[in-house]
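Residue-level listing of the chains:
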Amino acid sequence: MTDVAARPTPSPQVPEQAPLLEIEDVYAGYGGDDILQGISMEVYPGEIVCVIGPNGAGKSTVFKAVYGFVNIRKGRVRFDGQEITHARPQEVIQAGIAMVPQLPSIFPQMTVYENLEMGLFLERDKRKIVERIEYVLELFPRLEERRKVMAGALSGGERRMLEIGRALLIQPKMLLMDEPSAGLAPLVTRTIFQNIQRLNREIGLTVLMIEQNVRQGLEASHRGYVLELGRNSYQGPAQELLHNPEVRRAFLGGR
Ligand SMILES: Nc1ncnc2c1ncn2[C@@H]1O[C@H](COP(=O)(O)OP(=O)(O)OP(=O)(O)O)[C@@H](O)[C@H]1O
Ligand SMILES: [Mg+2]
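All of these numbers come straight from a predicted model, not from anything done at the bench.

Q: So what exactly am I meant to see when it comes to the sheet that holds strand β9 (residues 223-228) here?
A: Strand pairing in a sheet relies on backbone hydrogen bonds, with the paired strands running either antiparallel or parallel. Read from one edge of the open sheet, six strands run β6-β7-β8-β3-β9-β10, paired in mixed fashion. Both edges of this open sheet fall to β6 (97-100) and β10 (231-237), since each of them pairs with a single strand only. Each strand of the sheet is rotated relative to its neighbour by a mean of 15°, with strand direction disregarded. Across four bridges, strand β3 (residues 48-52) lies against strand β8 (residues 206-210) in parallel orientation. Looking across to β8, one finds that Val51 is bridged to Ile210. Packing against the sheet, helix α2 (residues 59-67) makes contact with β3, β6, β7 (174-178), β8 and β9, and its axis sits at approximately 145° to β7.

Below, the structure is given as structure tokens:
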């Protein structure tokens, strides 16, 4: 398979369209000095956007700020026309943002199906739970095949798909993914990105993902942002970033 085949369809962004997620000049941290020092990002409906940057740049902190896990001291965040700057995680979920965190989050001693049930543990409506789980299993035939298997027996790629599937149970408008390729072999990473692109095409899922795997991450995305030391450095169409000499030197081994 060539890299060209792996590229997403052109960005659906049209200039007059409002961003789905808008992060505006955000300052936030963990109580001491601000880690984020005026971060801005926009994600338009139907886009896959990739955030890259060195370790400690503040990438995960951006997600935590959006999700309400860290306090935003200055700046604001809007989602789908609603201000969510100081929203609590539960309110962010209700607004339609799901997140797959950086650290593995499945329960290895439970089956695939039970792991999916855990994703809806606050839901009381039994019929809705079954419907949502079946919806996710339809999106991931591999999980459907393995629904009764202990999650601990899944491959790394299958586990990641289970985490993504569990995030999709709330039928979010947008998915935040913190390093979806972490710990996966290159071929498995490719499968994960292909699945992300497929969800983007098939259900119109808008995606904001952080990636250390810069080349594959950008190749699967429409646009990208580079963060350094809690600030924006470069941004633009993914293909432009892949060809940007500074980005190549810093993140692609100069090749
Ligand atoms: N819970 C925390 N309490 C205090 N400081 C933290 C906490 N989490 C992260 N930091 C600090 O915030 C800075 C940014 O961390 P963050 O996790 O956002 O970086 P990152 O860009 O996601 O890095 P990586 O690529 O390693 O995942 C780092 O200096 C880190 O030490
Ligand atoms: Mg991180």
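Now that the structure has been shown, the text picks up again.
Q: Explain the coordination of the magnesium ion (ligand 2) here, please?
A: Protein ligation of the magnesium ion (ligand 2) involves Ser60 (OG) and Gln102 (OE1), the donor distances falling in the range 2.0 to 2.5 Å. With Ser60 in helix α2 and Gln102 in the loop between β6 and α4 (112-118), this pair connects stretches of sequence that are 42 residues apart.

Q: Where do I start with the site of ligand 1 in this structure?
A: The local shell around ligand 1 holds 14 residues, among which Gly56, Lys59, Ser60, Thr61 and Gln212 are the closest. In the environment of ligand 1, an oxygen atom lies 2.7 Å from a nitrogen or oxygen atom belonging to the side chain of Lys59. Taking Thr61, its side chain carries an N or O atom lying 2.5 Å from an oxygen atom of ligand 1. Taking 640 Å² as the accessible area of ligand 1 by itself, protein coverage stands at 60%. More than half of the atoms belonging to ligand 1 lie within 2 Å of the grid points that define the second largest pocket. For the shell around ligand 1, the element with the highest residue contribution is α2, accounting for four residues. Within the shell around ligand 1, the residues separate by chemical class into four nonpolar, seven polar and three charged.

What counts as what
Residues numbered from 1 in each chain as written. Chains lettered and ligands numbered in written order. Predicted model: local features only at pLDDT ≥ 70, side-chain atom pairs only at ≥ 80, totals over all residues. Heavy atoms only, no water. Pairing = 2+ DSSP bridges. Helix = DSSP H or I, 4+ residues; strand = E, 2+ residues; numbered from the N terminus. Axes fitted to C-alpha atoms, helices over the stretch in contact; angles between N-to-C directions. Contact = heavy atoms within 4.5 Å. Donors = N, O, S within 2.8 Å, 3.2 Å for Na, K, Ca; no water. Near = heavy atom within 4 Å. Polar contact = N/O pair within 3.5 Å; in protein donor to acceptor, adjacent residues only side chain to side chain. Areas by Shrake-Rupley, 256 points an atom, 1.4 Å probe, with all protein chains shown as cover. 1 Å grid on protein atoms, 1.4 Å probe; cavity = no way out; pocket = protein on both sides within 12 Å on 5 of 7 lines; lining within 4 Å. Sits in = over half its atoms within 2 Å of the grid points. Nonpolar A, V, L, I, M, F, W, Y, C, P; charged D, E, K, R; others polar.

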